[in-house]
Protein chains: 4
Amino acid sequence: MKEYIFKLTLKVRDYECDLQGVVNNSNYQRYMEHTRHEFLESLGENFRKMHEEGLDGFVSSVSIQFKTSLRSGDSLVSCINVAKQGVKLVFEQDIYRAADMVLAAKGKVESVLMKDGKLTRGEYYDKLLEKINKT
Amino acid sequence: MKEYIFKLTLKVRDYECDLQGVVNNSNYQRYMEHTRHEFLESLGENFRKMHEEGLDGFVSSVSIQFKTSLRSGDSLVSCINVAKQGVKLVFEQDIYRAADMVLAAKGKVESVLMKDGKLTRGEYYDKLLEKINKT
Amino acid sequence: MKEYIFKLTLKVRDYECDLQGVVNNSNYQRYMEHTRHEFLESLGENFRKMHEEGLDGFVSSVSIQFKTSLRSGDSLVSCINVAKQGVKLVFEQDIYRAADMVLAAKGKVESVLMKDGKLTRGEYYDKLLEKINKT
Amino acid sequence: MKEYIFKLTLKVRDYECDLQGVVNNSNYQRYMEHTRHEFLESLGENFRKMHEEGLDGFVSSVSIQFKTSLRSGDSLVSCINVAKQGVKLVFEQDIYRAADMVLAAKGKVESVLMKDGKLTRGEYYDKLLEKINKT
């Protein structure tokens, strides 16, 4: 299996499923956001604290390919790789069905960092990435 | 039909429906919140502006009886009456299926007002209610 | 601490927090639903399978008192007790902040069981409760 | 302004805003889904009825660029253009802030049609597009 720097296992919640009986597409984006924020916490940061200090990560683009529908009762493994490209932090975010590790969704999320409402060059992200490379 | 001081018509969104094919219960609470905030806007207030001025309405209790399930394709009429009881603002919130005005859900929501994190006696609410009584 | 027959620990997800910086009220109802469904799974049942067999649990009423706001970064412990009252299954659902077990929300949820669209006397629930009493 | 074959005006709901005070990214995907389903209804179809007849549209990919954050109090205009590419229906979905028609988000959504669980060549979509071209 492919390698990732961070993984989070989540259980599908029934209110996330729609009338087709599968997880509604928008919830994959939510799984991905929650995984990024948990990844951040694993590095000693917190989204709310950053916000209170005037630092806001804003997603500039999301791209998701849906491969296999998750259903009620399923667990999922949400995986992350990350790299810096210019001022952006680019997340590769893949979601697998936990039971058999079949790929459910493949995402790419780009994020920029604002400080007091102004675009930064992402120095803050550089420090985060250093932490990862040391571990 | 019963009289209300504020009504809002909304369309069911398919992502609000769960695998039973009906609107998930938690969304009635969301319809009711949105209706209260639109009611607030109809009186010249806005939830975000209030928050930025240190004023936060907090819901202290919610009670909902579910009568008839709303489904994909349905519209709903979300209705409000309101009264002050002590420091609380008490909302009577009824939701009807728009096509035949069958009662879908019957709610009671109690809200208190915090100013910079401290409970107020709700003087702000008194002024709002005065506006209503004048109209 | 009070005793419960089922507990589930969840982490607050940032998209569940609203512009007041706290978990939006409607999400407590969602935490409670997910906890009931996980409780069901702990007894060998699944909400979707039940639905596919024509058995649908419908919530007839929800009542929640909000005590302490959960925030970004918090974990919560969602607890259940359950009893049968007539045809209804009545869930006592309390949510605590995990860090200090302060009560965040106190809920009561009543559920009836429909079989192929008709109200049952809840015999299915009787069998579930027998399973609990045996454990 | 650019031309679209379908437009829907929606009001931001405060529970859609997160602790940054802006609409959470995942909700743009929800606005886009709701707009597609309302577009479908404008052509005499309904998502649930299609599902009950064994016809399910599945989104195979979503790509969204976020341009300007929507906030509490904002209304939005959600716009659609659509074209068939092979078996896929490709939606161009742009969301504007209603007050000044500033572009808030730019989306591309690809959808395939399943009949009783099997991929179709999208003949159903061809008929839909014919309806549009006639109007």
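About the criteria used
Residues numbered from 1 in each chain as written. Chains lettered and ligands numbered in written order. Predicted model: local features only at pLDDT ≥ 70, side-chain atom pairs only at ≥ 80, totals over all residues. Heavy atoms only, no water. Helix = DSSP H or I, 4+ residues; strand = E, 2+ residues; numbered from the N terminus. Expected span 1.5 Å × (residues − 1). Buried < 20%, exposed > 50% of the residue type's maximum accessible area, 1.4 Å probe, protein only. Arc of directions from axis to C-beta. Contact = heavy atoms within 4.5 Å. Least-squares fit on C-alpha atoms with pLDDT ≥ 70 in both. Buried area = accessible area lost by both parts, 1.4 Å probe. Salt bridge = Lys/Arg side-chain N within 4 Å of Asp/Glu carboxyl O. Polar contact = N/O pair within 3.5 Å; in protein donor to acceptor, adjacent residues only side chain to side chain. Nonpolar A, V, L, I, M, F, W, Y, C, P; charged D, E, K, R; others polar. Pairing = 2+ DSSP bridges. Axes fitted to C-alpha atoms, helices over the stretch in contact; angles between N-to-C directions. Parallel < 35°, antiparallel > 145°, perpendicular 65-115°, else oblique. Phe/Tyr/Trp six-rings, centres within 6.5 Å; stacked < 30°, edge-to-face > 60°. Lys NZ or Arg CZ within 6 Å of the ring centre and 35° of its normal.

Visitor: Requested: an account of helix α3 (residues 123-134) of chain C, with residues and values cited.
Guide: Residue and element names in this part refer to chain C. Here α3 contains 12 residues, and its C-alpha end-to-end distance of 17 Å stays within 8% of the 16 Å for a straight helix at 1.5 Å per residue. For α3, the complete set of buried residues consists of Tyr-125, Leu-128, Leu-129 and Ile-132. Taken down its axis, α3 places every buried residue within 95° of arc, on the same side. The exposed set on the far side of α3, more than 90 degrees from its buried face, consists of Lys-127 and Lys-134. Buried residues along α3 sit against α1 (26-42), β2 (55-66), β3 (75-85), β4 (88-97) and β5 (103-115).

Visitor: Tell me about the relation of the copies chain B and chain C, and name the residues and values.
Guide: Take chain B, turn it by 180°, move it 0.0 Å along the axis, and it overlays chain C with an RMSD of 0.0 Å. The symmetry that links the two subunits is that of a two-fold axis. In terms of C-alpha distance to the rotation axis, chain B has Ser63(B) as its closest residue, with the C-alpha 2.1 Å off the axis. When the interface residues of chain B are mapped onto chain C, 100% of them again lie at the interface, so the same face is used by both copies.

Visitor: Describe in detail the interface of chain A and chain D, supporting the description with residues and values.
Guide: In this complex, chain A contributes 25 residues to the contact, which on the side of chain D involves 25 residues. Carbon and sulfur atoms supply 47% of the area that chain A and chain D bury against each other, a total of about 2200 Å² over both sides. A per-residue breakdown of the area chain A buries against chain D is headed by Leu19(A), Gln20(A) and Gln29(A), which together make up 26% of the total. Where chain A meets chain D, there are 0 salt bridges. Between the two partners, chain A and chain D, sit 18 residue pairs in polar contact (both at pLDDT 80 or more). Counting only elements with at least two residues in the side of chain A that touches chain D, the list comes to α1 (26-42), α2 (47-52) and β2 (55-66) of chain A.

Visitor: Account for the interface of chain B and chain C, with residues named and values stated.
Guide: Counting from both sides, the interface comprises 25 residues of chain B and, opposite them, 25 residues of chain C. Among the residues of chain B in contact with chain C, Leu19(B), Gln20(B) and Gln29(B) are the three that bury the most area, contributing 26% of the side total. Elements supplying a minimum of two residues to the side of chain B that touches chain C: α1 (26-42), α2 (47-52) and β2 (55-66) of chain B. The biggest single contributor to the side of chain B that touches chain C is β2(B), with 11 residues. Across the side of chain B that touches chain C, the residue classes break down as 8 nonpolar, 13 polar and 4 charged. Across 5 bridges, β2(B) lies against β2(C) in antiparallel orientation. Within the sheet, the bridge partner assigned to Val62(B) lies in β2(C) and is Ile64(C).

Visitor: Could you give an account of the pairing of strand β4 (residues 88-97) of chain A, with specific residues and numbers?
Guide: Residues and elements named next belong to chain A. Of all the 10 residues making up β4, 7 are buried; the element is thus mostly covered by neighbouring parts of the structure. Bridge count for strand β3 (residues 75-85) against β4 is 10 bridges, and the pairing is antiparallel. Residue pairing for β4: Val-77 is matched across the bridge by Tyr-96. From the end of β3 to the start of β4, which pair antiparallel, there are 2 residues, and Gly-86 there has a positive phi angle of about 65°. In this structure, β4 lies alongside strand β5 (residues 102-115), joined through 9 bridges in antiparallel fashion. Within β5, the residue paired with Val-90 across the bridge is Glu-110. Count of turn residues in the β4/β5 antiparallel hairpin: 4 residues, of which Met-101 carries a positive phi of about 55°.

Visitor: Give a description of the packing of α1(B) against α1(C) that names residues and reports values.
Guide: At a minimum axis distance of 8 Å, the contact between α1(B) and α1(C) shows a crossing angle of 175°. Between α1(B) and α1(C), the crossing angle belongs to the class labelled roughly antiparallel. Contact with α1(B), carried on its side by Ser26(B), Asn27(B), Gln29(B) and Arg30(B), involves Ser26(C), Asn27(C), Gln29(C) and Arg30(C) of α1(C) and no other residues of that element. Of the residues in the contact of α1(B) with α1(C), the class split is no nonpolar, 6 polar and 2 charged.

Visitor: Help me get a handle on the pattern of salt bridges, residues and values and all.
Guide: Residues and elements named next belong to chain A. The tally for this structure, following the rule as stated, stands at 44 salt bridges over all chains. Across the salt bridge formed by Asp-126 and Lys-84, the nearest N and O atoms sit 2.9 Å from each other. Separated by 42 residues along the polypeptide, Asp-126 in helix α3 (residues 123-134) and Lys-84 in strand β3 bring together distant segments of the chain. Asp-126 gets classed as partly exposed once you look at its relative accessible area, which sits at 33%. Put simply, Lys-2, Glu-92, Asp-94 and Lys-106 are held in one network by salt bridges that share partners.

Visitor: Can you tell me about the packing of aromatic side chains, naming the residues and giving the values?
Guide: Enumeration over the complete set of coordinates arrives at 20 aromatic pairs over all chains. Taking the centre distance of 6.4 Å and the plane angle of 85° together, the rings of Phe39(A) and Phe91(A) count as edge-to-face. One end of the pair, Phe39(A), is in helix α1; the other, Phe91(A), is in strand β4, with 52 residues separating them in the sequence. The burial state of Phe39(A) is the same as that of Phe91(A); both residues are buried. On the basis of an interplanar angle of 75° and a centroid distance of 6.0 Å, the ring pair of Tyr28(C) and Tyr31(C) is categorised as edge-to-face. Taken as a pair, Tyr28(C) and Tyr31(C) lie in helix α1 at a separation of 3 residues, close to a single helical turn. The buried category is assigned to Tyr31(C), whose relative accessible area is 0%. Members of the aromatic cluster, connected to one another through ring pairs, are Phe6(A), Phe39(A) and Phe91(A). Across from the ring centre of Phe91(B), 5.9 Å away, lies the NZ or CZ of Arg36(B), which sits over that ring.

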